[in-house]
Amino acid sequence: MIAVGLAAVLAAVVRLVYIWFDRRDFVFGGDAYYYHQGANLLADGEGFIHPFGWLEGKSVESADHPPLYIVYLAGWSLMGVRTTTGHMVASALIGVASVVVAALVGRRVGGERVGVVAAVLLALAPNVWRYDGMLMSETMVILVVLVTVFLAYRFWDRRTPGRLVVLGVAVGVATLARSELLLLGPLLVLPLALLTKERSWGWRIGWLAASAGAVVAVLTPWLVLNQTRFDEPVYLSQNLGGTITVSYCDTVFEGPLLGYWDFNCGPRVLAPLGLLELGSPGVDAAMREAGLEFASENLDRLPVVVAARLGRIVGVFRPQQQRDLDVFMESTTRTVATAGMITLPFSIVGAVAGAVVLRRRRVPVIPLLAPIACVVVTVALFYAATRFRATAEGPIYVLSAVALVALWDQGRRWLRRSPAAHDGG
């Protein structure tokens, strides 16, 4: 545990240096401003209102994103931590916690050394700590996913109803960080429950239903709040229509933005309808309808677009442009984005090798692969923003740690068997 503690200290140092010297007092826009100022408004008792509407002197109810990250930052705002730098430091604490949980997961699947290596990798990986200085919910996503993976292994080690229900609670909490993490229900909880072969089918289905009920119970307060605030149905967020529109339009089905997204597609849909004013009713429905109509009219292009999306997210399709888009669209520092682009292929190769090692050792890999599958589904359905990969970053580096330790052990065995080693003896 001393080594894990040192890895946590390393993680804290990396993140604080990054924030203090590279991101301090950065002027954020877009989603980052939404999270930051939304947290301050929530702490001031204004509720979940739109920060950009507040700038215009309006109090507009908003659910652009699920609430977990905003609520977390609002807790710090209540304690007087209200600046962007302060909120980034608060986010860095989440990053440090992720390092510790990665160590627990690594230890479960491969022993103490794998746990330590996983912690060090997460502490140093630019594709992980970049989010602690971006004021994006992805830093929370990395933590809640790793906690969910850890609880999945706890259930597998001792398959009791209580542990399956706790896993459902974790999926519910994760969904409050990002909506697509609800996919962890069918991709993770469902197969683990059904593979509990020592139990009857009645037991499996019954406790699977209880786990699903736990997910719903966690989500219910947010769902109920949204039904009381809006004139039209709003569930986890108001973002689905906008996400569909920017994913399914001409500029992202061909041309330089192939496989990415285009913010301008939304206004092009809304302007003719007179729905550009913030808080206008029917915006989400209008954009959802326009995006789905475009998709149905261009099904022949869909295989190419999906391939481009998946190619972007794994760094093999226009990686330099993806890096530049991260800098321009997500306010990522160019140096950090470049470091992420360079390290991505190594982490993916390491993850594949680690999964192979675990399969050969008959260690279950579903808990680690389910978040990766979640990313694949999300990107294939929508678009290839680099931050969508945050869901998979924790599992990717745990699997890479498995591969590195296995490679080290294999190298030592090879050296012991080599003629030179015997001659030297």
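Residues numbered from 1 in each chain as written. Predicted model: local features only at pLDDT ≥ 70, side-chain atom pairs only at ≥ 80, totals over all residues. Heavy atoms only, no water.

A. Local environment of a nonpolar patch on the surface. Taken together, V9, V13, V17, W20 and F21 make up a surface patch of nonpolar side chains, about 520 Å² in accessible area. If you trace the backbone, W20 turns up in helix α1 (residues 2-23). Given a relative accessible area of 43%, W20 falls into the partly exposed group. (Patch = residues over 30% accessible without salt bridge, like charges linked within 9 Å, V, L, I, M, F, W, Y side chains within 5 Å. Areas by Shrake-Rupley, 256 points an atom, 1.4 Å probe, with all protein chains shown as cover. Salt bridge = Lys/Arg side-chain N within 4 Å of Asp/Glu carboxyl O. Helix = DSSP H or I, 4+ residues; strand = E, 2+ residues; numbered from the N terminus. Buried < 20%, exposed > 50% of the residue type's maximum accessible area, 1.4 Å probe, protein only.)

B. Quick peek at empty space enclosed by the protein. By the definition in use, this model includes four cavities of 30 Å³ or more. Considered as a void within the structure, the largest cavity measures approximately 110 Å³ in volume. If you trace the largest cavity, you find 14 residues lining it, with Q322, D326, M341, L344 and T386 closest to the centre. Every element with two or more residues in the lining of the largest cavity is listed here: α17 (319-330) and α18 (334-360). (1 Å grid on protein atoms, 1.4 Å probe; cavity = no way out; pocket = protein on both sides within 12 Å on 5 of 7 lines; lining within 4 Å. Points joined across faces, edges and corners; volume = space filled by probe spheres on them.)

C. Structural detail: helix α5 (residues 84-110). Here α5 is 27 residues long and its end C-alpha atoms lie 38 Å apart, about the 39 Å a rise of 1.5 Å per residue gives. Within α5, 19 of the 27 residues are buried, which leaves it mostly tucked inside the rest of the structure. Positive backbone phi, approximately 100 degrees, marks G111, located one or two places after α5. (Expected span 1.5 Å × (residues − 1).)

D. Examining the state of the cysteines more closely. As enumerated under the stated definition, the model contains one disulfide in all. Disulfide pairing places C249 opposite C265 at an S-S distance of 2.0 Å. Disulfide C249-C265: the torsion about the S-S bond is 65 degrees, which places it as right-handed. Taken together, the residues C249 in the loop between α12 (240-247) and α13 (250-253) and C265 in helix α14 (residues 265-270) connect sequence positions 16 residues apart. The class for C265 is buried, based on a relative accessible area of 2%. (Disulfide = S-S within 2.5 Å.)

E. Region of interest: unusual backbone geometry. At R318, a position not held by glycine, the phi torsion is positive, near 50 degrees. Of note, R318 is situated in the loop between α16 (302-313) and α17. We note that R362 has phi near 60 degrees; this positive angle belongs to a residue other than glycine. Assignment of secondary structure puts R362 in the loop between α18 and α19 (366-381).

F. A look at the pattern of salt bridges. The full count for this structure, using the stated rule, is 19 salt bridges. Between R387 and E330 there is a salt bridge, and its shortest N-O distance comes to 3.2 Å. Here R387, found in the loop between α19 and α20 (390-417), pairs with E330, found in helix α17; they are 57 residues apart in sequence, far enough to count as distant. There is no split in this pair, since R387 and E330 are both buried.

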